[in-house]
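Observations on the three-dimensional arrangement
Now for the letters of each chain:
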Amino acid sequence: MSSRQSISEFVLYPHQQIVYRMLQSSPTIHGCIAIPTGGGKTVIFIKDIDHRFSMNPNSINLLSSPRLALIDQTQDILHVSCKNTYREVFVCSRDDFGKKVFFEEDETVSRPMNTTDPVELMEILLDQISNDNPPLMIHSTYASLPTVIAAIQLFENNPDISDDHQEALKLCLDTWHADEAHNLVPDAIHKDEEEKARLTALVMSVPELVKRFPRTLFWTATMKHNKTECDMSNKEIFGDIIYSISAAELIHAAVMVSPKVFPVIIESGMTITNEVDTKDIANELRVISNSSDNRQLTYFKRCLEHDVSLNEERNAPTRMIIFADGAAITLHHRRALTELFPEAYIANVTAETSAKDRRYIFDRFSTEPFAVLLNYDIVSEGMDLPGVSSVCVARGMNAIKIQQSVGRCLRLSQEDRDRLQRGEISVNDLSNWVKPYGRVYLPVEAADMNAKNGYHRAMRLLKKLHDAGFDNIYNDIDSSLLLPHNLTDDTLRDTFPDMYMEGLTTIEKLEQYIRFEETLYTFSDKTDEDLLSVFKSQVPPLVK
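Residues numbered from 1 in each chain as written. Predicted model: local features only at pLDDT ≥ 70, side-chain atom pairs only at ≥ 80, totals over all residues. Heavy atoms only, no water.

1. Thoughts on the pattern of salt bridges
Threshold: In the sections that follow, a salt bridge refers to a side-chain nitrogen of Lys or Arg positioned within 4 Å of a carboxyl oxygen of Asp or Glu. The helix and strand labels rest on DSSP assignments: H or I over at least four residues marks a helix, E over at least two residues marks a strand, and numbering proceeds from the N terminus.
Here the structure, examined in full by the defined rule, presents 18 salt bridges. Its salt-bridge partner being Glu208, residue Arg212 comes within 2.9 Å of it at the nearest N-O pair. Taken together, the residues span about one helical turn, with Arg212 and Glu208 both in helix H7 (residues 193-212) at a distance of 4 residues. Put simply, Arg67, Asp377, Arg395 and Lys401 are held in one network by salt bridges that share partners.

Structural data, given as structure tokens:
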């Protein structure tokens, strides 16, 4: 039996109530709903699905996700949450999907089917409208959406199917929920012909499905634009933005916690330039994956020890997600970290991990007091892993991907949510929270552990996070792990002679320097003399 809590037991937050009421009153609707990671998108569309099952008992509905792990999670939630009887079919390439049965004696859900054949799916659609069946839920990966539209078109163009059945199909097609919908927008045109053909088929399937489902909803935390026809600003395909709320609003309302960034200085041995590349945040983060095994493990060890120490102060669990390069690398790191931290549950998941093993790993990770989950991309989007205390970035990521990945640790802890509802803690005082913020560990490269290069690299990375939508990121930085082991006050004075402040701790001096760098990027059109003048007005007197 699944250990997941039914969404019917959740009390909806005000923003969720607004969206759900809007959907309840909309027999036709087409557009985007933008809610930050951790803001509870899944709860809303699962409740809407159950509502539509009751409104249209013979309906055909589509729920699409970018990856199999997310399909598995939403199927799990549907099974434990829907009050209405329904049946389901999986359109994806894995044989182990559509095989599980949650409740041996539960007849709410019929035994699911699995197919990648458009003809077979067409026959399932015909059976759905020809017989007295409960609502049908089609689960599909985005890669398999061309199969879904092909099956519908085969149905429409089949001369052996009567006009009455053709009309019945139009009436039965009800709602398409596209989860993590920014994945429908390709990153770029791929040179590989096979990949290009796959992406072309996916892009062409989207408007065809929109034409046929009277209710089409694109759910995302990160609206994506690539300046092509399949861009989320294209209203013919994606519709209007029918609801949007910012992370700042949800943090202020205590629906999410804010991120606190811990740049961790590492020695890369590479030559660093101080040119600011604002286009590709991935290049800034790739430094750790290009480092030697020992440096990577040192980085992981430092992050974990730091996370454990802060959680112990609050009697809170340590559950860290590490985003690293490749299946072989994450397996290697799992073995090494198990030796370093024998008291921890340490696991890695890849695209090849079976659905059964993945559910076991996720359930155990979410309940252990000290757990580490290594992956490349499996849990970066949409996955609900309760109690994540921190994420550790150890590979290159673009701006959208890092926003999604950071969101894994921004969910409110269940204990804090319960205590807030009982009035035992306040949104204005985080001192008694079990999880007052989500920790984000980022690697910062410094050639030969040179302090100045490290701080420049930290600010370049933080600027890109700021530009990517983390508006308050400069206020949520902790410099304690930016300290190279050999950094002394004398070194700091030599490195920043015009910005050295007496009477402050070393970390306070670093943070003042970071504030100066923020000013530098904010007023990029000013001269160095102007910047120094602004800086002097904001901080204690400078001495040389």
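2. Observations regarding helix H6 (residues 163-172)
To be explicit about the condition: In this scheme, a residue with accessible area under 20% of its type's maximum is buried, one over 50% is exposed, and one in between is partly exposed, where area comes from a 1.4 Å probe on protein chains only. Each direction from the helix axis to a C-beta atom contributes to the arc, which is the arc of those directions. Contact definition: two residues touch when any of their heavy atoms are within 4.5 Å.
Among the residues of H6, Gln166, Ala168, Leu169 and Cys172 are the ones counted as buried. Down the axis of H6, the smallest arc covering the buried residues is 160 degrees, so these residues share one side. Turned more than 90 degrees away from the buried face of H6 sit Asp163, Asp164, Lys170 and Leu171, all of them exposed. Among the structural elements, strand S2 (60-65), helix H4 (118-130), helix H5 (145-156) and strand S6 (173-178) are those in contact with the buried residues of H6.

3. Some thoughts on the sheet that holds strand S5 (residues 136-141)
Condition: When DSSP finds two or more bridges between a pair of strands, those strands are recorded as paired. Between N-to-C directions, angles span 0 to 180 degrees; the directions come from axes that are lines fitted to C-alpha atoms, helices contributing only their stretch in contact.
Strands sit in the order S4-S3-S5-S2-S6-S7-S1-S8 across an open sheet of 8 strands; the sheet is parallel. The open sheet is flanked by strand S4 (113-114) and strand S8 (240-244), the only strands paired with a single partner. The pairing of strand S3 (residues 87-91) with S5 spans 5 bridges and is parallel. Bridge assignment links Glu88 to a residue of S5, and that residue is Met137. Relative to the sheet, H4 contacts S2, S3, S4 and S5, its axis offset from that of S3 by approximately 165 degrees.

4. Thoughts on the pairing of S6
When you tally the buried positions in S6, you get 6 out of 6 residues, the bulk of the element. Bridging between S2 and S6 involves 4 bridges; their strand directions are parallel. Residue pairing for S6: Leu62 is matched across the bridge by Trp176.

5. Considering unusual backbone geometry
A negative phi angle characterises most non-glycine residues, just as the trans form characterises most peptide bonds. The phi dihedral of Glu180 is positive, around 50 degrees, even though this residue is not glycine. Among the secondary structure elements, Glu180 is positioned in the loop between S6 and H7. Even without being glycine, Asn315 reaches a positive phi, approximately 55 degrees. By the secondary structure assignment, Asn315 is in the loop between helix H11 (293-313) and strand S10 (318-324). On the basis of relative accessibility, which here comes to 72%, the residue Asn315 falls in the exposed class.

6. Description of the confidence of the model for the chain
Here is the rule: Looking at any residue, its pLDDT shows the predictor's confidence there, from 0 to 100.
Looking at the chain, the pLDDT average stands at 77 and 68% of residues meet or exceed 70. Mean pLDDT across the secondary structure elements of the chain bottoms out at helix H19 (residues 528-538), with 46, and peaks at S6, with 97. When the criterion is pLDDT under 50, residues 483-487 qualifies, and its contacts beyond four places in sequence or with other chains add up to 16 contacts.

7. Examining the packing of aromatic side chains
Stated precisely, the cut-off is as follows: Between 30 and 60 degrees the pair is tilted, below 30 it is stacked and above 60 it is edge-to-face, where a pair is any two Phe, Tyr or Trp rings, Trp via its six-membered ring, whose centres lie within 6.5 Å. Only when the NZ atom of a Lys or the CZ atom of an Arg is both within 6 Å of the ring centre and within 35 degrees of the ring normal do we say a charge sits over the ring.
Taken as a whole, this structure holds 7 aromatic pairs when the rule is applied. An angle of 45 degrees between the planes, with centres 5.7 Å apart, marks the rings of Tyr299 and Phe300 as tilted. Residue Tyr299 shares its accessibility class with Phe300, and that shared class is buried. Site record: aromatic cluster; members linked through ring pairs are Trp176, Phe218 and Phe238. Against the face of Tyr376 rests Arg395, its NZ or CZ located 3.9 Å from the ring centre.

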